[in-house]
Structure formats: C-alpha cells, structure tokens
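# Coordinate analysis (summary)
Spelled out from the first residue to the last, the chains are:
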Protein chains: 2
Amino acid sequence: MADVATLVEQARQGRPRAVARLITLVENAAPELREVMAALAPYSGRAYTVGLTGSPGVGKSTSTSALVSAYRRQGRRVGVLAVDPSSPFSGGALLGDRVRMQEHATDPEVFIRSMATRGHLGGLAWAAPQALRVLDGAGCDVILVETVGVGQSEVEIAAQADTSVVLLAPGMGDGIQAAKAGILEIGDVFVVNKADRDGADATARELNHMLGLGESRQAGDWRPPIVKTVAARGEGLDELVDSLEKHRAWLAETGELAARRRRRAAQEVEAITLAALRARIGDLRGDRHLDALAGRVAAGELDPYAAADRLVAELTS
Amino acid sequence: MADVATLVEQARQGRPRAVARLITLVENAAPELREVMAALAPYSGRAYTVGLTGSPGVGKSTSTSALVSAYRRQGRRVGVLAVDPSSPFSGGALLGDRVRMQEHATDPEVFIRSMATRGHLGGLAWAAPQALRVLDGAGCDVILVETVGVGQSEVEIAAQADTSVVLLAPGMGDGIQAAKAGILEIGDVFVVNKADRDGADATARELNHMLGLGESRQAGDWRPPIVKTVAARGEGLDELVDSLEKHRAWLAETGELAARRRRRAAQEVEAITLAALRARIGDLRGDRHLDALAGRVAAGELDPYAAADRLVAELTS
C-alpha cells in the first residue's frame, strides 16, 4: 500500500482511488487514520455538508442524484456519502443497487461512497465525520450525506450536517409518522418529493401545520422552507439548491455555522476519546481483570456499578 | 417516593408497582440505580431469559403472549420486557397497542413492561440488563425480552438473553432477508410462526438450508431446532417451550450458560464504566476545555485524534 502521505496527497488532488482507499481506512478503523486526519486537518471545513433523511420510498436516492446534477451544472465538485448504520456488515452491497447514481459514476468531479458502519457502538459518531473529512480534503464543494433509514442513528448522522434536509412524499401517512419520531426537529429544509402525485399540497399543508410555520417567529430565526420536487424529472431542484444556499448564508451570517461545526467537532473528539478509553478497558480485559470482575457480577457477589467503579479507578489513577 | 431499600424489598415480594418503579429508575438512568443494583445483586442470576426477535409481521407479540400462557400453565412467574431501541422517546405508547398482552394484565404472576431507550449511545448496553436484574430480583422464573425491530441494536439485545429465539413467517421473503442481516447467527431456536399458511414448509426448508442444519456437527454442539407454531391459536407452543428447556439444559451442562452470563456481565460493566468516563469528559466540557479543543479542531488547527489524546491524558493521570 502507498504510504499515508502519498495517499493523502493524491486524495487532495482529487484522485478517486486515493479517496476511496482513505474512506476504507475510516470504515476499517485503521490505525493509519490518526496520521491521515493529522494530514487532512489543515484542509478541513471548506465543504458545505447537507444531510438527507426520510422514510423508505420518499425518493431519497433519486433526490440525492438530482441534487448532484444540479450542483454539477454549477460546476461544483460533489461528494456523496451514503451511510447505513443499521447494517452489521460492511461492504459494497449498498452501492450495487444505487442505480440512479450510475449517471454520475464516470464524472471525475463526483465522489460517491457507501459506508456500512460495522457493529460497534459509538463507531458512527466518529466514522461519518471522518469520511466527511476525507471528502472535504479532496476538495468537494458540497457533500451530500444520505442515510438509509429513519432510525435514531440515521437522524443523528443527518443532524451532523451543516444543513439537514428532511424528505417526505404525498400519500405516505407513515412518512409523517416517521417524521414525528424525531426528524421534524432536525429539518432545516423540508422537501415534499413526488409532488406530481395526489395529496402533495395536503402533505405540505400538514407539514406546515406540524412545524408551526404559520406562527410568528423571532426576527433572524430560520424559517424552514418546504420545497416541492419531482426529483425523477429534476423538477424543483433549482429551488431546492436555492433554499440550501439561503440556509447556508443564514448559517454563516448568524455564526450558527461555526457553532454547529464546533458542536460536531466536540462530539467527534468525545467519541474518539471514548473509543481510546474503551481500548484501555480492553487491555485490562486482556489482563483478565474485567473477566474476573464480570465473573463476580454474574455470580451476584458484586453489583455492576461497584465493578465499574474499580475499573474507572484503575483507568484514571 | 419510598426509599430504595423499601422499593427493592417490595419488588422482591413481587409487588407490581415497586417493580414498575424500579424499571422506571432504569429508564431514567436515575442516580438511585447504584443502590438498587447493589441491593439486588445477591438475588441475580435465577431467572432464565429468552430473547425474541424477528421482522415486523411475524407475530412477535402474539408469540410472546402465547409463551407467557404456556409458562403460566406450568405455574412459572413470568416477566416480559419489550424494548424499543429505535424510539428516541420514552413512554408508555408502546404498551398501548399491545392488545394481545391484555389477557395477562391482571395476572399477579406476570410482569409486563415496555421500555424505550432514550437517545444516548451505549444506553441500551446497560438499560436492558438492569431491567432484567429488576425482574430477576422480583422472582421471575422466566423473562421474555421482545425487541420491536430487527436492527442491529435489537439483535444485540436479543443476543444478551440466555436463549435467543428468531421468528419468521411464511411468505415473507423479506423475513429471510432480514434474517440474513445478522439474526441467523444469534438464533438458538427458530420459529416459523403462522405455520397454517401456505409456504410454511418451504420457509422451514429454506431456513434449514441456510443454517446448514443438514450438515454434520461436532458431538455436543447445539443444533438449533425449527419449531412451527400458530401462536394466535396457541399451536406448537408446548413444543417451543420444550425446545427452550432443552436449550437451557444444554447451556447448563456445557457450561455455556455461565460463560454467556459472564460475557453479558462484562459488557454491562464495560458500558457502565464508559458512561462514567463519559460523564468525566462532560465535567471537562463543563470547564469549557472540550469546547476549546473542539473549536481548534473545527478551525483545522488540531486533528480530532490529537485533541482526544489530550483528553485521555487528562482523564487518566
């Protein structure tokens, strides 16, 4: 394998293979990541990141692809990261069926990557941000982060973007139900896709009502727009890009962009810190110390808090 | 509120309100938990825990309810814990629609509890085991842990049981797909429910093939049985209970029961340890130290690993 410095340099030049290999390092939680992230740090924070989330069937892939086209018409370099946090298996399977992305597959200014985030808890909290750092370092102007489902992990990922787009489609009452389960709160921009279908206006009205968009807001507050699109025909995409640019401008003007990025960095640092501490517990476990404590807990001789107290004391002294 | 010692004593006597209040303490990650778990430790490890998982529509609730009936016919005290790890909201909503559990609602020897596991990462790893400790302490002979979906978190919960039951139904190709996504590995006992429908034999055969059950195994290895049930009519339930008892006996004979419980205790202790360490990072954050580091990371002056190194050094020195 090429050394890390070379890979990072090639990724910086926008070489797709190098970008792909760096993201594989992220996916594998490779020890080289430390060096990769150190090399990329000076080039971070340039890309504008947009998260896309919504129930299955609302047309997320189609919308993502249409957004890529819209940004490409503006000459932007675009990254796409499709994250599947619910899949316990890594692999390219996800990308296999992303037929709608095919049209961008040969465009050297578009980087598309699927990422399954293995089994380990907390992995997501650092994996997605680090993949974003790679795409950012590769000179992407815009990075679209598409999540596969609408579970809690997916919402957390989408909420890590500069701007979060929540997609709905008409005639999907369960779309609204899913929205209720935590995704309305994170939406900066709402999209009613498949707006040529019956019920699109009703969905937009219902959404408008649920969001309380009719109510008065403080001057300077962001009022999430609802954009109607037919992504499969590219309709409404310019308006969506326009809404995204407005939100980006609002973020920058109000200082919210910097604040969001600081919060994101704090979460990322915390997650790496916890992973490092966990590895130290693992070292203790290697000493069979955790095993011995666990044996006593399983036997009812010790409660799990008392056992944890001992580990914390050993780690922090 | 009654003091913890009184609550634990009442729960030990099987008083439903006390059991419910202790599980609420678990759900809320209340500070009193430390005392509760210390008081319960000597009474842990008596209950036999069975995890039930499977795609929506396979009849998990109905099967759980039918299993409760089967165990009640044997005079056992039964606990049911329905866990919804994907819901970001806590609350009793889940229980509201569990109509099929109604028949057990007035049985003083049955404890039924739904638990939504808030937002925080790692919460699940300790919340479900601690709720099990409460039900165990309350003298349940058997505890059924039913998970709502088939995501990774659900599979992790089901895998924490002594015995994991994976449910499928005929005519649900996606059931098999879901099974492929990680749940076949954890199944100790498989159930083809709705076995009066067309395709039940085909589903059982397909499952048999996927599990490689036709292949020879080492003597002493567990061979997961496939049990056909019509849970709504109680058919096949005695056979299922019989399979569970056989697995339980196998676990005990081979020492695997103790090994599984030690592994589970190790995970639980590790999760509590990480939560405690995380709280310490939070204290540092209160000092605005993490914030300052995050600001430098967001500005590209520091990479996230270098920032994490500093936090680890401060926590562990």
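The notes below deal with the structure included here. (Residues numbered from 1 in each chain as written. Chains lettered and ligands numbered in written order. Predicted model: local features only at pLDDT ≥ 70, side-chain atom pairs only at ≥ 80, totals over all residues. Heavy atoms only, no water.)

Let's shift gears to the pairing of strand β5 (residues 163–168) of chain A. Residues and elements named next belong to chain A. With six of six residues buried, β5 lies mostly within the body of the structure. Side chains Thr163, Val165 and Leu167 project from β5 onto one buried face, and the interleaved Ser164, Val166 and Leu168 project onto a second face that is buried too. Where strand β1 (residues 48–54) and β5 come together, five bridges link them in parallel fashion. Residue pairing in the sheet places Gly54 in a bridge with Leu167 of β5. Judged from the four bridges that link them, β5 and strand β6 (residues 189–192) form a sheet pairing that is parallel. Bridge pairing in β6 links Val166 to Phe190. (Buried < 20%, exposed > 50% of the residue type's maximum accessible area, 1.4 Å probe, protein only. Helix = DSSP H or I, 4+ residues; strand = E, 2+ residues; numbered from the N terminus. Pairing = 2+ DSSP bridges.)

Residues and elements named next belong to chain B. One can describe the packing of helix α2 (residues 16–27) onto helix α3 (residues 33–40) by two numbers: an axis separation of 10 Å at closest approach and a directional angle of 130 degrees. Viewed along their axes, α2 and α3 adopt a mutual orientation that is oblique. The hand of the α2/α3 crossing is left-handed. In this structure, α2 contributes Leu22, Leu25 and Val26 to the contact, and α3 contributes Leu33, Val36 and Met37. Here the residues of the contact of α2 with α3 are counted per class, giving six nonpolar, no polar and no charged. (Axes fitted to C-alpha atoms, helices over the stretch in contact; angles between N-to-C directions. Parallel < 35°, antiparallel > 145°, perpendicular 65-115°, else oblique. Left-handed = near helix turned anticlockwise from the far one by under 90°. Contact = heavy atoms within 4.5 Å. Nonpolar A, V, L, I, M, F, W, Y, C, P; charged D, E, K, R; others polar.)

All names here are of chain B. Residue placement: Asp221 occurs in the loop between α9 (200–210) and β7 (226–228). For Asp221, a relative accessible area of 44% corresponds to the partly exposed category. Here the alpha-carbon distance between Asp221 and Trp250, two residues 29 residues apart in the chain, equals 9.0 Å.

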